[in-house]
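# An overview of the molecular structure
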Amino acid sequence: MKSLEELRAIRERMQSQVSMRAEDHNHTRVVVGMATCGIASGARPVLTKLSSLVQEKNLTDKISVTQTGCIGLCQYEPIVEVMEPGKQKITYIKMTPEKAEEVLERHLIGGHIVEEYTLSGADIK
Amino acid sequence: MPEISLNVLDVAENSTRAGASLVTITVDADISSDKLTVIIDDNGCGMTPEQTAQVTDPFFTSRTTRKVGLGVPFFKLAAESTGGSFTITSTPGVGTTVTAVFVLSHIDRMPLGDISATIHTLVVYHPETDFVYRYRYNDSSFTLDTREFRQVLGDVPFDMPEISAYIMDYLNENKQETDGGAVY
């Protein structure tokens, strides 16, 4: 069984980084819809993918990944919203872990919105 | 919903919305009695008897974004279609308890799915809520208690990469030791 001792050791290492992080308000927020509609259409793997990629690529000081309830567009779930400070919110629809990875690479790192996956750009007629 | 664990994620989400400070989730698989019991118990705002009676109706919700509330009806149907049972009890100001019993061997029982990922998601993304998770498989069991984690961590948040990874490992390794990697 995994012990709390291990957690204690991690904490010792982490303590110094916390204050630094709390002061940073220039975060880009990435929000995944996680109500019944989102969960049923596959939001959990999308959320897991996004947060593990942000961690792997050491972007946690710039990007925070969180979850929310029903956004009200259930037919387009899983939905990922990207809110960059000072910019308009971008809504990505019908996400998969693969598409989410593309959004992270091209939009969050590269700075170019992936138009074909957005609510306004996707072919949903 | 293709997995029981996704129902758990969805229904436990209601508990956090109800302002619960503590949510206790029990997953108990007992092969000899052929039962899988899932209990989600919270100390949130609770519901009146009228609301409790309505909550399994898909056309009832307290939310305003849509006119349907499918989370609880899905969970109920998933349990009852295996010959199991579903109950929900609630007291305003005290909390709510949802109990779903599945018949393990029934052909219509959906798989448990990635229950560790569900618990991890709940714990990491609800920093204001404490969770107790009890997992039992026949005679073995383990417990995760975020109050214990919090005591060790102080103000270090759960969503720091190293802590989040520790919680995932804690869940996966302890589950493996408890059920020997059984898939059901």
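Preceding block: the structure.
These numbers come from a predicted model, not from an experiment.

Applying the stated rule across the entire model yields 15 salt bridges over all chains. For the salt bridge of E84(A) with K87(A), the shortest nitrogen-to-oxygen distance reads 3.8 Å. A relative accessible area of 18% means that E84(A) is categorised as buried. Each of K2(A), E6(A) and E173(B) takes part in a single network of salt bridges with overlapping partners.

What follows concerns the sheet that holds strand β1 (residues 22–30) of chain B. Residues and elements named next belong to chain B. Reading across the sheet, the six strands line up as β3-β4-β2-β1-β5-β6 and stay open at both edges, with mixed pairing between neighbours. With partners counted over all chains shown, the strands left at the sheet margins are β3 (85–91) and β6 (140–145), one partner each. Averaged over all pairs of adjacent strands, the angle between their axes in this sheet comes to 5 degrees, without regard to strand direction. As paired elements, β1 and strand β2 (residues 35–42) share eight bridges and run antiparallel to each other. Paired with V23 across the strands is D42, a residue of β2. Against the sheet, helix α3 (residues 71–80) touches β2, β3 and β4 (95–103), its axis set at about 35 degrees to β4.

On to unusual backbone geometry, then. Each neighbour pair has its own omega, and for E77(A) with P78(A) the value is -5 degrees, a cis peptide bond. Assignment of secondary structure puts P78(A) in the loop between β2 (63–68) and β3 (80–83). Unlike most non-glycine residues, D34(B) shows phi in positive territory, near 60 degrees. Residue placement: D34(B) occurs in the loop between β1 and β2. With a relative accessible area of 24%, D34(B) lands in the partly exposed category.

Contacts between the two partners involve 33 residues from chain A and, on the opposite side, 43 residues from chain B. Summed over both sides, the interface of chain A with chain B buries roughly 3,200 Å², with 64% coming from carbon and sulfur. Contact with chain B buries surface across chain A, with M1(A), K2(A) and R44(A) losing the most and accounting together for 24% of the total. Joining chain A to chain B, the criterion identifies two salt bridges. A salt bridge links E173(B) to K2(A); its shortest N-O distance comes to 3.6 Å. In this assembly, chain A and chain B are joined by eleven residue pairs in polar contact (both at pLDDT 80 or more). Those elements that provide at least two residues to the side of chain A that touches chain B are α1 (4–22), α2 (36–40), α3 (43–56) and β2 of chain A. Considering each element in turn, the side of chain A that touches chain B owes the most residues, eleven residues, to α1(A).

Right, let's talk about the environment of N26(A) for a bit. Residue and element names in this part refer to chain A. By the element assignment, N26 lies in the loop between α1 and β1 (28–33). Expressed as a C-alpha distance, the spacing of N26 and N58, which sit 32 residues apart in the sequence, is 16 Å. Apart from residues no more than four positions distant in its own chain, N26 is found in contact with K62 and P85.

The next thing to look at is the pairing of β3(A). For a regular strand, the rule is simple: side chains alternate between the two faces of the sheet. All names here are of chain A. Examined bridge by bridge, β1 and β3 share four bridges and lie antiparallel to one another. Residue pairing across strands places V32 opposite V80, the latter belonging to β3. Direction of pairing for β3 relative to strand β4 (residues 90–92): antiparallel, over a ladder of three bridges. Bridge assignment links E81 to a residue of β4, and that residue is T91. Hairpin connection of β3 to β4: six residues between the antiparallel strands, including G86 at a positive phi of 80 degrees.

Quick look at the nonpolar core now. One finds I25(B), L36(B), Y133(B), I163(B) and I167(B) to be the most contacted residues of the largest nonpolar core, which totals 79 residues. Setting aside residues up to four positions removed in sequence, L36(B) forms contacts with I4(B), V27(B), D28(B), A29(B), A100(B), V101(B), F102(B), L104(B), L112(B) and Y184(B).

This brings us to the state of the cysteines. Residue and element names in this part refer to chain A. All chains considered together, the criterion is met by zero disulfides over all chains. Sulfur of C37: no disulfide; nearest cysteine sulfur belongs to C74 and is 3.7 Å away. Looking at C37, the relative accessible area reads 14%, which means it is buried. You can see C70 has no disulfide; the closest cysteine sulfur is in C74, sitting 3.7 Å from it. Overall, C70 belongs to the buried group, its relative accessible area being 13%.

Definitions and cut-offs
Residues numbered from 1 in each chain as written. Chains lettered and ligands numbered in written order. Predicted model: local features only at pLDDT ≥ 70, side-chain atom pairs only at ≥ 80, totals over all residues. Heavy atoms only, no water. Salt bridge = Lys/Arg side-chain N within 4 Å of Asp/Glu carboxyl O. Buried < 20%, exposed > 50% of the residue type's maximum accessible area, 1.4 Å probe, protein only. Pairing = 2+ DSSP bridges. Helix = DSSP H or I, 4+ residues; strand = E, 2+ residues; numbered from the N terminus. Axes fitted to C-alpha atoms, helices over the stretch in contact; angles between N-to-C directions. Contact = heavy atoms within 4.5 Å. Buried area = accessible area lost by both parts, 1.4 Å probe. Polar contact = N/O pair within 3.5 Å; in protein donor to acceptor, adjacent residues only side chain to side chain. Core = buried A, V, L, I, M, F, W, Y, C linked by side-chain atoms within 4.5 Å. Disulfide = S-S within 2.5 Å.

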